[in-house]
Amino acid sequence: MINNYRLSVYKLCLLTVWVVIVLLLSNGCDSKNSNNAINREKYLTEGKKLAATRCSSCHELPNPALLDSYTWETGVMPAMAPKFGFKSFMGSYLVSSGISISKDDWYKIIAYYKAASPKKLLIPKPAAVKDWAIFSLKQPPRIDHKGLQAMTSIIAYNPNDGHIYTGDVGSKLYKWSRDLEPVLVNKFYSPVTDIDFFKTAAEPNSAMITCIGILPPNDARKGKLITIDLNNASAKKNTKLIADSLPRPVKSAYADFNRDGLMDYISCGFGHNQGGLYLMQQQADHQFKKKIIRGVPGSTQVFVEDFNHDGWPDIACLFAQADEGIWLFLNDKKGGFASQNLLHFPSVYGSSSFQLIDFNHDGQLDILYTCGDNNDFSQVLKPYHGVYVFTNQGNWKFKQTYFYHINGCSKAVAADFDHDGDLDIAVIAFFPDFKHYPEEGFTYHEQTTAGKFKVHAIPVNQYGRWITMDVNDIDHDGYPDVLLGNFSAGAKDLMIQKDVEPNWDLYEPFIVLHNNAKNGTQLKADNPK
């Protein structure tokens, strides 16, 4: 009995020792885990602070929630690393040149964006009705036997001669007959990205032509700005060079900015890592002096108007590379401009177009804006891609009053398509959701009540992939029609959804959406294939 008692005491002591050991180990682990959690929180907080200072020096600070963590880690951060002197290599980073931050700090920024971003972005489902609305389809005859492919770089209607013009990646400019048969006008030095028609007493049918130089992203200064006399297209000297050595220009405009009686020109040198908005000022000897209005890359669309009503032409321009936003440049009447930022957007938005137009008829210009360029470092569908309306609150301050999500939205044009007194919107998307909603490639936003729109997904996705659009009354019935330029031949590589086999038409460079609102009926396509 005594022995049993001693054995019980021994077991109790042994159990007590084990309990103490377990408690000590448990407390040690808890303490260690707690310290790890504190250290991690401190690490991420430091990363957030570093991002606020380092990642906002060139553009608006991007919110981690704008992209999923995988895209931040494998897409955006490796692309941004060279800006800080690092080079991505097999999942790690090596010091390259011109290092401006320590490697430890760089990893803190990466860790912050990875931890604070969602695993997956939630993409809204479309709320559009699938119908033809007020449009019917008109197509050029099949022209694949003539060697033309659908690689359209620009489409525009010329009110001076009543013809449609298109440019392609082969640097050719075509005029289309009334029966939509092509006639070669000219072959330029590089692809045409913009056509602006004008007329003077000496030249009743001329155009300003922007040639991009090298089409893919680059910093080579190969772009040119040219004027051409379209009534003498066959003449050997029917073109005039305004400027060369432009960095990948995509859009241009003209005005007599210094009111000396001579026409001046501006051009958006989008570039890549370098670029700018350029002024070509005509001198007394009719040569042009080039000036930089804003020397950053990404200028992509420009409008000229007397915005402050002082009698001098001003400039509004969209910049869509890194520091994305819309800037107003007011003429200082001394040969320069005073800049003012109207809207700023995050650097991952992919800004693609804008239009200044009075949506609510209050006498102030509002902003129609699209974002959706998805050929960069974050090639995923994004919930903020789409078409926006920003209403002018006075003194060039704006408030967002409309948004409709469209994947890969690339351009919007507002017009009163149905003649009911308010503005509707035609929208194209070059990077739509081809897998689930390919019909969002062209949508018609019918304004039903003030600021409210009914969205129609027009079923034209099988006829092409729309990269350019013009809105004009091409049949002179008083109702604006829509011209859609097709870039589908060779465009499969420019897709973010690799498991989709598109069924685009590879040969017809464009289609026409004829406006039937005058008839008061909704019609189907004339000759759908």
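Per an unreviewed UniProt entry, the chain is named Repeat domain-containing protein, and its organism is Mucilaginibacter pocheonensis.

Draft legend 1. Summary view of the nonpolar core. Counting 40 residues, the largest nonpolar core has Trp 106, Ile 109, Ile 326, Ile 367 and Tyr 369 as the members making the most contacts within it. The contact partners of Ile 326, leaving out residues within four places of it in the chain, are Cys 317, Leu 318, Gln 340, Asn 341, Leu 342, Leu 343, Phe 345, Phe 354, Ile 367 and Tyr 369. Ala 133, Phe 442, Val 460 and Ile 511 belong to the second largest nonpolar core, which has 24 residues in total.

Draft legend 2. Broad picture of the pairing of strand E19 (residues 324-331). Among the 8 residues in E19, 8 count as buried, and that is most of the element. The alternating pattern of E19 places Glu 324, Ile 326, Leu 328 and Leu 330 and Gly 325, Trp 327, Phe 329 and Asn 331 on opposite faces, both of which are buried. Summarising the sheet, strand E18 (residues 314-319) and E19 pair through 5 bridges and their orientation is antiparallel. For Phe 319, the partnering residue across the bridge sits in E19 and is Gly 325. In this structure, the hairpin formed by E18 and E19 is closed by a connection of 4 residues, where Ala 322 is found at a positive phi of approximately 65 degrees.

Draft legend 3. Examining the packing of helix H2 (residues 69-80) against helix H3 (residues 103-116) more closely. Between H2 and H3, the shortest axis-to-axis distance is 9 Å and the interhelical angle comes to 150 degrees. Here H3 runs roughly antiparallel to H2, going by the angle between their axes. Viewed along their axes, H2 and H3 form a crossing whose handedness is right-handed. Of the residues in H3, those touching H2 at Ser 69, Trp 72, Glu 73, Met 77 and Met 80 are Trp 106, Ile 109, Ile 110, Tyr 113 and Lys 114. Here the contact of H2 with H3 is composed, by residue class, of 7 nonpolar, 1 polar and 2 charged.

Draft legend 4. Expanded view of the side chain of Asp 323. Along the chain, Asp 323 falls in the loop between E18 and E19. Residue class for Asp 323 comes out buried when judged on its relative accessible area of 16%. There is a polar contact of 2.6 Å between the side chain of Asp 323 and the side chain of His 344. Here Asp 323 is in contact with Cys 58, His 59, Glu 60, Arg 294 and His 344, once residues within four sequence places are set aside.

Draft legend 5. Just the sheet that holds strand E21 (residues 351-357), in detail. Read across the sheet, 4 strands follow the order E21-E22-E23-E24 without closing on themselves; strand pairing throughout is antiparallel. Of all strands in the sheet, those bounded by a partner on one side alone are E21 and strand E24 (397-405). Across the sheet, the mean angle separating the axes of adjacent strands is 20 degrees when strand polarity is ignored. With 5 bridges joining them, strand E22 (residues 366-371) and strand E23 (residues 386-394) adopt antiparallel strand pairing. The residue of E23 that forms the bridge with Leu 368 is Val 389.

Draft legend 6. Just the pattern of salt bridges, in detail. On inspection of all chains with the given rule, the structure shows 10 salt bridges. With a shortest N-O distance of 3.3 Å, Glu 439 and Lys 130 are connected by a salt bridge. A residue pair is termed long-range when its members are at least 10 positions apart, and Glu 439 in the loop between strand E26 (424-429) and strand E27 (442-449) and Lys 130 in strand E3 (residues 129-130) qualify at 309 residues. In this structure Lys 130 comes out as exposed when scored by relative accessible area, which is 61%. Among the ionic pairs, Glu 501 bridges to Lys 492, the shortest N-O distance being 2.7 Å.

Draft legend 7. Examining the packing of aromatic side chains more closely. Counting across every chain of the model gives 32 aromatic pairs. Taking 6.3 Å as the distance between ring centres and 55 degrees as the angle between the ring planes, the aromatic pair formed by Tyr 254 and Tyr 265 counts as tilted. Within this pair, whereas Tyr 254 is found in strand E13 (residues 249-255), its partner Tyr 265 is found in strand E14 (residues 264-269), the two being separated by 11 residues in sequence. By relative accessible area, Tyr 254 is classed as partly exposed at 26%. By relative accessible area, Tyr 265 is classed as buried at 9%. Centroid distance Phe 430 to Phe 431: 5.2 Å. Interplanar angle 90 degrees. Geometry classified as edge-to-face. As far as burial versus exposure is concerned, Phe 430 and Phe 431 are alike and both buried. Here a set of aromatic residues connected by ring pairs shows up, and it is made of Phe 345, Tyr 349, Tyr 369, Tyr 384, Tyr 388, Phe 390 and Phe 403.

Draft legend 8. How the structure looks around H2. Those residues of H2 not exposed but buried are Ser 69, Thr 71, Trp 72, Gly 75, Val 76, Met 77 and Ala 79. In this structure, the buried residues of H2 make contact with strand E2 (92-95) and H3. Capping the start of H2, Asp 68 holds a side-chain oxygen 3.2 Å from the backbone nitrogen of Tyr 70, two or three residues further along.

Draft legend 9. Expanded view of the layout of surface pockets. Of the volumes computed, that of the second largest pocket is approximately 380 Å³. Lining the second largest pocket we find 18 residues, and of these Lys 120, Leu 121, Ile 123, Leu 381 and Asp 433 sit closest to its centre.

Draft legend 10. Looking closely at the environment of Asp 362. Relative to the elements of secondary structure, Asp 362 occurs in the loop between E21 and E22. Exposure remark for Asp 362: the relative accessible area of 36% places this residue in the partly exposed category. Within the local environment of Asp 362, its side chain forms a polar contact with the backbone nitrogen of Gln 364, the two atoms lying 3.0 Å apart.

Draft legend 11. Geometry of the confidence of the model for the chain. Averaged over every residue, the pLDDT of the chain is 90; the share at 70 or more is 89%. For residues 1-7, every residue scores under 50 in pLDDT, and the model assigns this stretch 0 contacts once sequence neighbours within four places are set aside.

Thresholds, definitions, all that
Residues numbered from 1 in each chain as written. Predicted model: local features only at pLDDT ≥ 70, side-chain atom pairs only at ≥ 80, totals over all residues. Heavy atoms only, no water. Core = buried A, V, L, I, M, F, W, Y, C linked by side-chain atoms within 4.5 Å. Buried < 20%, exposed > 50% of the residue type's maximum accessible area, 1.4 Å probe, protein only. Contact = heavy atoms within 4.5 Å. Helix = DSSP H or I, 4+ residues; strand = E, 2+ residues; numbered from the N terminus. Pairing = 2+ DSSP bridges. Axes fitted to C-alpha atoms, helices over the stretch in contact; angles between N-to-C directions. Parallel < 35°, antiparallel > 145°, perpendicular 65-115°, else oblique. Left-handed = near helix turned anticlockwise from the far one by under 90°. Nonpolar A, V, L, I, M, F, W, Y, C, P; charged D, E, K, R; others polar. Polar contact = N/O pair within 3.5 Å; in protein donor to acceptor, adjacent residues only side chain to side chain. Salt bridge = Lys/Arg side-chain N within 4 Å of Asp/Glu carboxyl O. Phe/Tyr/Trp six-rings, centres within 6.5 Å; stacked < 30°, edge-to-face > 60°. 1 Å grid on protein atoms, 1.4 Å probe; cavity = no way out; pocket = protein on both sides within 12 Å on 5 of 7 lines; lining within 4 Å. Points joined across faces, edges and corners; volume = space filled by probe spheres on them. pLDDT = per-residue confidence, 0-100.

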